[in-house]
Amino acid sequence: MEEISLRELIEILLKKKWIIVITTVVCMLAGAVLSFFVLDPVYEAKSTFMVTPISLASGINPNSTIIFSGDVESLDSTKELENKMLGSVLRQVRYPQISISKMVAYMKSTDYITKVLKEFDVDLEKYDYTENISISGNDQSNIISVSVKYNDADTAIGIKDALIAYLPECVIDEVNKQLNVSEDFLNQGIDREIQKMHSLKESLNGFGVELGEKDKLPVGKQEEYQRIYNDYLLSTQTLDAYQTVKKEFDNIKETDINEMLNLQVLTRDRMPLEPVSPRKMMNTAIAAILGLMISVFFVLFMEYWKESGLQVKNEKNNENISEV
């Protein structure tokens with residue numbers, strides 16, 4: 001096959017220049033019509049806001065926990081017993097802790113997002129919120145970023161603002177859930193210890209002496225009395241521990257979580273919003289380049305097909321002549 005020179009290549013393109021020009025213009029116009037009149041514009045609303053992580057902790061500072069041995073005299077004092085039982089109770093109580101990463105996880109959840117989208121009558125079957133809604137943040141910073149894309153500017157801004165505004169309500173609900181779990185645990189503990197105390201006290205009253213006066217009993221009954229009395233003291237201090245923590249929980253439930261959250265919007269959208277897609281000029285330019293490439297390829301291919309056809313025809317003619 002003969003090599004084609006650059007001059008011949010340029011001559012071929014100039015000879016078919018109108019095919020190249022028309023094809024390029026048609027593709028460019030098609031891209032422009034598609035971008036300007038067919039595709040719906042997409043707007044992006046963005047905001048960043050700052051929140052404070054929720055960390056509710058006990059203000060009680062008891063000593064470390066202890067496994068009660070059954071002999072109250074092994075403890076330094078009744079106060080020591082009270083403190084150590086209080087520590088035992090506190091270690092079983094869950095205080096609400098909500099970090100920035102947890103808040104981001106709440107905001108990304110399906111229930112959270114769909115609840116907001118339904119307020120704006122968004123068709124959830126057509127709108128892919130996983131692609132059009134972006135929420136980011138981490139525990140190294142108190143800042144959370146929210147981005148929403150939608151084909152209407154006002155709706156995009158409304159959805160974005162609603163996603164931010166709904167966070168305090170969601171956090172408060174989660175805090176209350178955690179508090180209720182611990183409160184149920186404390187109430188059950190209080191009821192259990194009250195019943196236990198009543199049962200132990202009835203057993204102690206059966207000995208016929210005042211509470212704690214084991215010396216008035218015969219020696220043979222003093223050991224049994226002391227064992228029951230130790231259990232009674234333990235139950236009393238455990239009940240006090242449960243009631244102390246319950247009182248603190250009642251105070252915590254009065255905390256203004258919204259004020260503690262301290263949500264502050266740092267950046268807002270510049271109005272009016274400009275569509276982020278389609279990129280009309282870029283799409284038009286890409287269509288023009290694509291049309292140019294297609295037309296050049298078509299012209300070169302047609303020229304190659306024509307020349308190769310003539311070459312095959314000439315070779316056949318030469319073969320026929322040689323045979324004759």
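Quick summary incoming for the structure in this document. Not measured: the values here are computed from a predicted model.

## Observations regarding the overall build of the chain
Here comes step 1: Helix and strand counts for the chain come out as 11 helices and 7 strands.
Here comes step 2: Each of the 324 residues in the chain was classed as buried or not, and the buried ones make up 36%.
Here comes step 3: The long-range share in the chain, meaning contacts at least 24 apart out of those at least 6 apart in sequence, stands at 81%.
Here comes step 4: Surface exposure of the chain reaches about 20500 Å², of which carbon and sulfur atoms provide 54%.

## Digging into a nonpolar patch on the surface
Here comes step 1: Together, Trp18, Val21, Ile22, Val25, Val26, Met28 and Leu29 make up an exposed nonpolar region whose accessible area comes to about 650 Å².
Here comes step 2: Relative to the helices and strands, tryptophan 18 resides in helix 2 (residues 17–38).

## Brief notes about the pairing of strand 1 (residues 42–50)
Two faces make up the sheet, and in a regular strand the side chains alternate between them.
Here comes step 1: As defined by bridge partners, strand 1 adjoins strand 7 (residues 275–277) across 2 bridges and the pair is classed as antiparallel. Residue pairing across strands places valine 42 opposite serine 277, the latter belonging to strand 7.
Here comes step 2: The pairing of strand 1 with strand 6 (residues 264–267) spans 3 bridges and is classified as antiparallel. When the sheet's bridge partners are listed, phenylalanine 49 is paired in strand 6 with valine 265.

## Overview of the packing of aromatic side chains
Here comes step 1: Using the criterion set out here, one finds 9 aromatic pairs in the structure.
Here comes step 2: In textbook terms, an aromatic cluster arises when at least three aromatic residues are bridged by ring pairs, as seen for Phe207, Tyr225 and Tyr229.

## Details of the pattern of salt bridges
If charged atoms from side chains of opposite charge come close, those side chains can pair.
Here comes step 1: The tally for this structure, following the rule as stated, stands at 8 salt bridges.
Here comes step 2: When the shortest N-O distance is used, the salt bridge between aspartate 269 and lysine 160 registers 2.8 Å. With aspartate 269 in the loop between strand 6 and strand 7 and lysine 160 in helix 7 (residues 153–165), this pair connects stretches of sequence that are 109 residues apart.
Here comes step 3: Judged by relative accessible area, aspartate 269 falls into the buried class, the value being 17%.
Here comes step 4: On the basis of relative accessibility, which here comes to 2%, the residue lysine 160 falls in the buried class.
Here comes step 5: Here aspartate 250 ties to lysine 246 by a salt bridge, and the two come within 3.0 Å at their closest N and O atoms. Residue aspartate 250 and its partner lysine 246 are both found in helix 9 (residues 219–252); the two are separated by 4 residues, about one turn of the helix.
Here comes step 6: Because the salt bridges share partners, they merge into one network encompassing Glu183, Lys246, Asp250 and Lys253.

## Some details on the side chain of glutamine 226
Here comes step 1: Relative to the helices and strands, glutamine 226 is located in helix 9.
Here comes step 2: Of note is the side chain of glutamine 226, whose polar atom sits 2.8 Å from the side chain of asparagine 230.

## Considerations on the nonpolar core
Here comes step 1: Within the largest apolar cluster, 64 residues are counted, with the highest numbers of intra-cluster contacts made by Met103, Ile144 and Leu163.
Here comes step 2: No other element matches helix 9, which puts 11 residues into this core.
Here comes step 3: Apart from the residues within four sequence positions on either side, leucine 163 is in contact with Met107, Tyr112, Ile113, Val116, Ile133, Val146 and Val148.

Rules and cut-offs
- Residues numbered from 1 in each chain as written.
- Predicted model: local features only at pLDDT ≥ 70, side-chain atom pairs only at ≥ 80, totals over all residues.
- Heavy atoms only, no water.
- Helix = DSSP H or I, 4+ residues; strand = E, 2+ residues; numbered from the N terminus.
- Buried < 20%, exposed > 50% of the residue type's maximum accessible area, 1.4 Å probe, protein only.
- Contact = heavy atoms within 4.5 Å.
- Areas by Shrake-Rupley, 256 points an atom, 1.4 Å probe, with all protein chains shown as cover.
- Patch = residues over 30% accessible without salt bridge, like charges linked within 9 Å, V, L, I, M, F, W, Y side chains within 5 Å.
- Salt bridge = Lys/Arg side-chain N within 4 Å of Asp/Glu carboxyl O.
- Pairing = 2+ DSSP bridges.
- Phe/Tyr/Trp six-rings, centres within 6.5 Å; stacked < 30°, edge-to-face > 60°.
- Polar contact = N/O pair within 3.5 Å; in protein donor to acceptor, adjacent residues only side chain to side chain.
- Core = buried A, V, L, I, M, F, W, Y, C linked by side-chain atoms within 4.5 Å.

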